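Architecture and fold: a report
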Amino acid sequence: MSNAIPAGYKPQTSETLPDYLAIKLPAAIKLGGTPDQWQVTEVGDGNLNMVFIVKGLAKTIVVKQALPWLRAGGEGWPLSLTRAGFEYNALCHEAQFAGHKLVPEVYFYDQEMALFAMEYLTPHVILRKELIAGKKFTNLAYDVGTFIARTLFHTSDIGMPADKKKALTAKFALNHELCKITEDLIFTEPYYPAERNNWTSPQLDADVKKVWNDTQMIQVAMRYKFKFMTEAQALLHGDLHSGSIMVTQSDTKIIDPEFGFMGPMAFDIGNYIGNLLLAFFSRPGWDATAQACEEYQHWLIGQMEETWSVFVTHFRQLWNQKTQGEAWPVEIYQQCPDNDLAHDAREIAQDQFFETLFEDTLVNAGMEMNRRIIGFAGVADFKLIDDADLRAQCERRALAMARELIVNASLFENISSVGQFVLKGKYEY
Ligand code: SR1
Ligand code: MG
């Protein structure tokens, strides 16, 4: 894929989209009525792309188009159109491995127009909005945990044949522009006075300066930047925060994998856990009473613990049943079903694997928390708290916890001990 703008590329508008779709939409997708009867609304509120809802008389679809720049940065922040293709490909792979129950269906992709059309999810709402509203979801942890387990397992050397895995690595290696955004915004800029940083000022000025002088934390951050850049372990969603998940009471869909690439597994899990913790620390800004705050915070910690344990259980199951994948190969670990030695060895191998992954996950969670408070891209959980003093108090506690996760990740024995530690609240920065 090249970075040049294709000759036929044109940013779509609510006015132009019906005529375009009338020609391009596959015949099987019947919106009903004629193009002049289709209602188009631009609803994109993310940082990168245009998103249209196209409502026909019989069916509604979503159309997502990349612009040659980053939506949140304007024309001064150019970004190649190829990201639409990476997102389309990531959605296809995720559906293949995690199933359509967890991933929206894509109807078609037009490379020249850097656009694809997909299922309209209704009555789904962005999870971040629901968390801010203090809502709870019964299946969420199970759905997110299994999504992460399936996509990561099946695209790693543990679950995928080496030739296919290397081909997948090559395919997504060209998504380097979006990787660079993550490398800059998560792993670099929060740790020095970068121009794009954006924190609650003046309330957090001193806290942010402490971060810039925290050599111990910065050394870990830089080590994890290197891991992010070099550990092509599995196909990541690459931006798995609560704004990339849509929910109803009974359904969960993971959307927006435009940052997809082959990277370290801990990045996806850590990103999600980091966002649950950001929600946790924002609660005093949202709940009317201390009791309501405490109760919802316990639910969020429960989500963190359950998501991790569903992920581990599911990943282990897939590993136990595997028939391919050259890492920890079946020839060594499953020579015969009654081979207890091989069985024990597999369990030990898995324990060691999850121990490393757990520590890396905690560091990545802390990195995500820091960048959402200090860096360019904040989160609504904090940003929408009007009272800046209260917001800063919440953010300060989140920064303190992020530091614990980054610097002391290896001291946490398991996910419940992280939960207990967060709830006890004995951390200061
Ligand atoms: C410049 S893009 C900022 C952020 O928005 C996306 O959702 C990613 O999280 C990215 O880091
Ligand atoms: Mg997004």
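Note that this is a predicted model, so its numbers are computed, not measured.

Notes on helix α15 (residues 415-424)
Three or more residues of α15 are buried, namely Ile415, Val418, Gly419 and Val422. Projection of α15 onto a plane perpendicular to its axis shows the buried side chains occupying an angular sector of 100°, all on one side. Taking the backbone nitrogen of Ser416 as reference, a side-chain oxygen 3.2 Å away marks Asn414 as the first, capping residue of α15. In the stretch just after α15, Gly425 is the one whose phi turns positive, near 70°.

Quick word on the packing of aromatic side chains
Enumeration according to the criterion identifies 25 aromatic pairs in this entry. Ring plane angle 55° and centroid distance 5.3 Å describe the contact between Trp308 and Phe358, whose orientation is recorded as tilted. On the criterion of sequence distance, the pair formed by Trp308 in helix α10 (residues 290-320) and Phe358 in helix α12 (residues 340-374) is long-range, its members being 50 residues apart. Geometrically, the ring pair formed by Phe353 and Phe354 is edge-to-face, given 5.2 Å between the ring centres and 80° between the ring planes. Judged by its relative accessible area of 13%, Phe353 falls in the buried class. Residue classification places Phe354 among the buried residues on the basis of a relative accessible area of 6%. Cluster of aromatic residues (ring-pair linked, three or more members): Phe153, Trp308, Phe311, Phe315, Trp319, Trp328, Phe353, Phe354 and Phe358. The ring of Trp77 is capped by Arg196, whose NZ or CZ atom sits 4.2 Å from the centre of that ring. Here the guanidinium or amino end of Lys227 rests over the ring plane of Tyr224, the centre of that ring lying 5.2 Å away.

Examining helix α2 (residues 83-98)
Given a rise of 1.5 Å per residue, 16 residues ought to cover 22 Å, and the 21 Å separating the end C-alpha atoms of α2 matches this to within 8%. Most of α2 is tucked away: 13 of the 16 residues are buried. In the segment just after α2, Gly99 is the residue with positive phi, at about 90°.

Focus: the domain arrangement of the protein
Taken domain by domain, the protein consists of domain 1 (17-119) and domain 2 (125-424). Between domain 1 and domain 2, the contact holds 27 residues from the first and 33 residues from the second. Among the residues domain 1 hides against domain 2, the three largest losses belong to Phe86, Phe97 and Leu102. Together they make up 29% of the total. Counting the contacts that link domain 1 with domain 2 gives four salt bridges.

Some thoughts on the sheet that holds strand β11 (residues 252-254)
Strands sit in the order β8-β10-β11 across an open sheet of three strands; the sheet is antiparallel. A single partner strand is all that each edge strand has here, and the edge strands are β8 (125-126) and β11. Of the pairings in the sheet, the one linking β8 to strand β10 (residues 245-247) comprises two bridges and is antiparallel in character. Note on β10: the bridge partner recorded for Ile126 is Met246. Relative to β11, helix α4 (residues 140-154) is tilted by about 35°, and along the sheet it contacts β10 and β11.

Some details on the nonpolar core
If you look at the biggest cluster of nonpolar residues, it comprises 104 residues, and the most contacted ones within it are Phe281, Phe311 and Phe315. The contacts of Phe315, once residues within four sequence positions are left out, are Ala149, Leu152, Phe153, Ile158, Met265, Phe353 and Phe354. Formed by 24 residues, the second largest nonpolar core is a distinct cluster that contains Leu17, Met50, Val63 and Ala66.

Some remarks on the packing of α2 against α4
At their nearest, the axes of α2 and α4 sit 9 Å apart, and the two run at 105° to each other. When the interaxial angle is binned, α2 and α4 end up roughly perpendicular. Between α2, through Glu94, Phe97 and Ala98, and α4, the contact on the second element is made entirely by Phe147, Arg150, Thr151 and His154. The residue inventory of the contact of α2 with α4, partitioned by class, reads three nonpolar, two polar and two charged.

Notes on the environment of Arg371
Mapped onto the fold, Arg371 is located in helix α12. Considering only alpha carbons, one finds Arg371 and Pro193, 178 residues apart in sequence, at a separation of 13 Å. A distance of 3.0 Å separates polar atoms of two side chains, one belonging to Arg371 and the other to Glu368.

Quick word on the packing of α4 against α10
Relative to each other, α4 and α10 sit at 35°, their axes nearing to 7 Å. The way α4 lies across α10 gives a crossing that is right-handed. Judged by residue contacts, Leu140, Ala141, Tyr142, Val144, Gly145, Thr146, Ile148, Ala149, Arg150, Leu152, Phe153 and His154 of α4 engage Trp299, Gln303, Glu306, Thr307, Val310, Phe311, His314, Phe315, Leu318 and Trp319 from α10.

Points about the sheet that holds strand β6 (residues 106-110)
Read from one edge of the open sheet, five strands run β1-β2-β3-β7-β6, paired in antiparallel fashion. Edge positions in the sheet fall to β1 (39-42) and β6, since each of these pairs with one other strand and no more. With strand direction ignored, the average angle separating the axes of adjacent strands in the sheet is 20°. Two elements, strand β2 (residues 50-55) and strand β3 (residues 60-65), share six bridges in a ladder whose sense is antiparallel. For Met50, the partnering residue across the bridge sits in β3 and is Gln65. Contacts between helix α1 (residues 17-24) and the sheet are confined to β1, β2, β3, β6 and β7 (115-119), with β6 contributing the most and set at about 100° to the helix. α2 rests against β3, β6 and β7 of the sheet, and its axis sits at about 30° to β7.

Scoring rules and cut-offs
- Residues numbered from 1 in each chain as written.
- Chains lettered and ligands numbered in written order.
- Predicted model: local features only at pLDDT ≥ 70, side-chain atom pairs only at ≥ 80, totals over all residues.
- Heavy atoms only, no water.
- Buried < 20%, exposed > 50% of the residue type's maximum accessible area, 1.4 Å probe, protein only.
- Helix = DSSP H or I, 4+ residues; strand = E, 2+ residues; numbered from the N terminus.
- Arc of directions from axis to C-beta.
- Polar contact = N/O pair within 3.5 Å; in protein donor to acceptor, adjacent residues only side chain to side chain.
- Phe/Tyr/Trp six-rings, centres within 6.5 Å; stacked < 30°, edge-to-face > 60°.
- Lys NZ or Arg CZ within 6 Å of the ring centre and 35° of its normal.
- Expected span 1.5 Å × (residues − 1).
- Domains from an automatic or database assignment.
- Contact = heavy atoms within 4.5 Å.
- Buried area = accessible area lost by both parts, 1.4 Å probe.
- Salt bridge = Lys/Arg side-chain N within 4 Å of Asp/Glu carboxyl O.
- Pairing = 2+ DSSP bridges.
- Axes fitted to C-alpha atoms, helices over the stretch in contact; angles between N-to-C directions.
- Core = buried A, V, L, I, M, F, W, Y, C linked by side-chain atoms within 4.5 Å.
- Parallel < 35°, antiparallel > 145°, perpendicular 65-115°, else oblique.
- Nonpolar A, V, L, I, M, F, W, Y, C, P; charged D, E, K, R; others polar.
- Left-handed = near helix turned anticlockwise from the far one by under 90°.

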